[in-house]
Amino acid sequence: MPTSDLIRDHAGAWERATRHPFLLAVRDGSIRTGAFDTWLVQDARYVADLLRFQARLLARAPRPAQAVLAAGAVALVEELAWFEELAGRRGLDLDVPRLPATAAYAELLDRLDAAEVPAALTALWAIERVYLAAWTAAAPGAPEYAGYVAHWTTSGFAGYVDGLAAAADALGGRHDAVVLEVLDAETAFWDMAMGDGSLGAA
Ligand code: HMH
């Protein structure tokens, strides 16, 4: 299967994006509140960008890929509502500019928007597969973060990722270059959160 080959053949890039110090610090509780909040606010921006990309991909997807992409788009809308609720609870302003890694990732999504459907769908699979693996590496998480970690490691989410893999594999091709770009963008996103304490340290 092309998607499983992409995990096997790029193990180092997957490792960098999923065993990141940010995630290990969420697991052991040493993450600064400011770093976590920076990540959360930037991820809310990112999910809005991802929804736009995914809706466009749905519009041009072949018939068998429609159901999984449509369900995923609904889940992203729900994720945005969840971020709004979290931001209210944590006293965070979501209306902030994108930091450089978020802007660079948005630019990558724009390029994927112009890519052929098999490459774009494989990239979307990588986006979600790496995210599931990343939060799984943080599990169960320190007590104050366990709820977040659980939210991003549900069996429903894992099933969605499997559905994307099946849809991508059905279209064929390997698409190594876009997958490696996604993995680098993910690593840079975690780096960004750890590098910015501007929202206030714990
Ligand atoms: C940075 N990658 C990032 N954020 C997310 N929410 C996902 C992937 C999955 O939706």
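Parameters at a glance
- Residue indices begin from 1 for each chain and proceed along its sequence in written order.
- The model is predicted, so local features are restricted to residues of pLDDT at least 70 and side-chain atom pairs to those at 80 or more, both for listing and for counting; the totals for chains, interfaces and linings are taken over all residues.
- Working from all heavy atoms in the structure, the side-chain values ignore hydrogens and water.
- Note on geometry: axes are C-alpha line fits, over the in-contact stretch for helices, and angles between N-to-C directions span 0 to 180 degrees.
- Where helices and strands are cited, they refer to DSSP runs of H or I of at least four residues and of E of at least two residues respectively, numbered from the N terminus.
- When describing relative orientation, an angle under 35 degrees is termed roughly parallel and one over 145 degrees roughly antiparallel, while 65 to 115 degrees is termed roughly perpendicular and anything else oblique.
- Each crossing is labelled by how the near helix is turned from the far one, with a counterclockwise turn of less than a right angle marking it left-handed and a clockwise turn marking it right-handed.
- Whether two residues touch is decided by their heavy atoms; if any such pair falls within 4.5 Å, the residues are in contact.
- Polar here means any residue other than Ala, Val, Leu, Ile, Met, Phe, Trp, Tyr, Cys and Pro, which are nonpolar, and Asp, Glu, Lys and Arg, which are charged; Gly is therefore polar.
- Here the expected span of a helix is defined as 1.5 Å times the quantity of residues minus one.
- Note on exposure labels: buried denotes an accessible area under 20% of the residue type's maximum, exposed denotes more than 50%, and partly exposed covers the range between, all computed with a 1.4 Å probe on protein chains only.
- Note: the arc covers the axis-to-C-beta directions of the helix.
- For this description, a residue counts as near a given molecule or strand if any of its non-hydrogen atoms is within 4 Å of it.
- A 3.5 Å cut-off defines polar contacts: any pair of N or O atoms within that distance qualifies, except that in protein one atom must be a possible hydrogen donor and the other a possible acceptor, and neighbouring residues in sequence count only when both atoms are side-chain atoms.
- Here the Shrake-Rupley method, with its probe set to 1.4 Å, supplies the accessible areas, and only the displayed protein chains count as covering residues.
- UniProt positions are given in the numbering used here, feature names are shortened, and annotations may be inferred rather than shown by experiment.
- In these notes, a set of buried Ala, Val, Leu, Ile, Met, Phe, Trp, Tyr and Cys residues joined through side-chain atoms within 4.5 Å is what counts as a nonpolar core.

It is worth spelling out the packing of helix 1 (residues 2–9) against helix 7 (residues 117–138) at this point. Taken N-terminus to C-terminus, the directions of helix 1 and helix 7 make an angle of 55°; their axes are 11 Å apart at the nearest point. In terms of orientation, helix 1 lies oblique with respect to helix 7. Seen along the crossing, helix 1 lies across helix 7 with a hand that is right-handed. Along the contact surface, helix 1 presents Thr3, Leu6 and Ile7, while helix 7 presents Thr122, Trp125 and Arg129. Residues of the contact of helix 1 with helix 7, tallied by class, amount to three nonpolar, two polar and one charged.

Spanning 14 residues, helix 6 (residues 100–113) covers 20 Å between terminal C-alpha atoms, matching the ideal 20 Å at 1.5 Å per step. Among all positions of helix 6, only Ala101, Thr102, Tyr105, Ala106, Leu108, Leu109 and Leu112 are buried. Angular distribution of buried residues about the axis of helix 6 spans 155°; they occupy a single face of the element. The inward-facing, buried residues of helix 6 contact helix 4 (33–60), helix 7 and helix 10 (176–195).

Let us now look at the site of the ligand. Within the structure, the ligand sits among Asp43, Tyr46, Val47, Leu50, Ile127, Glu128, Tyr131, Glu186 and Phe189. Residue Glu128 places a side-chain N or O atom 3.1 Å away from an oxygen atom belonging to the ligand. For the ligand, the accessible surface in isolation is 290 Å², of which the surrounding protein chains cover 96%. Elements with a minimum of two residues in the shell around the ligand: helix 4, helix 7 and helix 10.

Turning our eyes to something else, we now look at the UniProt feature "domain: Thiaminase-2/PQQC" (unreviewed entry) in the chain. Following the UniProt record, the feature "domain: Thiaminase-2/PQQC" (unreviewed entry) maps to residues 10–194 here. As a span, residues 10–194 carries 79% helix and 0% strand, and end to end its C-alpha atoms are 24 Å apart.

Let us look at the side chain of Thr187. With respect to the secondary-structure elements, Thr187 resides in helix 10. Note on Thr187: relative accessible area 14%, which makes it buried. When sequence neighbours within four positions are dropped, the list of residues in contact with Thr187 reads Arg16, Ala17 and His20.

Judged by nonpolar contacts, the single largest core of 75 residues is most densely connected at Phe22, Val26, Phe36, Trp39, Leu69, Tyr105 and Trp135. If we ignore the near neighbours within four places in the chain, the residues touching Trp135 are Phe22, Leu23, Val26, Phe36, Trp39, Val149, Trp152, Thr153 and Trp190.

As a further point, take the packing of helix 4 against helix 5 (residues 66–90). One can describe the packing of helix 4 onto helix 5 by two numbers: an axis separation of 9 Å at closest approach and a directional angle of 150°. Between helix 4 and helix 5, the crossing angle belongs to the class labelled roughly antiparallel. Between helix 4 and helix 5 lies a crossing of left-handed hand. Considering only residue class, the contact of helix 4 with helix 5 consists of 17 nonpolar, four polar and four charged.

What follows deals with the UniProt feature "active site" (unreviewed entry) in the chain. Residues annotated by UniProt as "active site" (unreviewed entry) correspond here to Glu186. Within the secondary structure, Glu186 is located in helix 10. If we ignore the near neighbours within four places in the chain, the residues touching Glu186 are Ala17, Tyr46, Tyr105, Ile127, Val130 and Tyr131.

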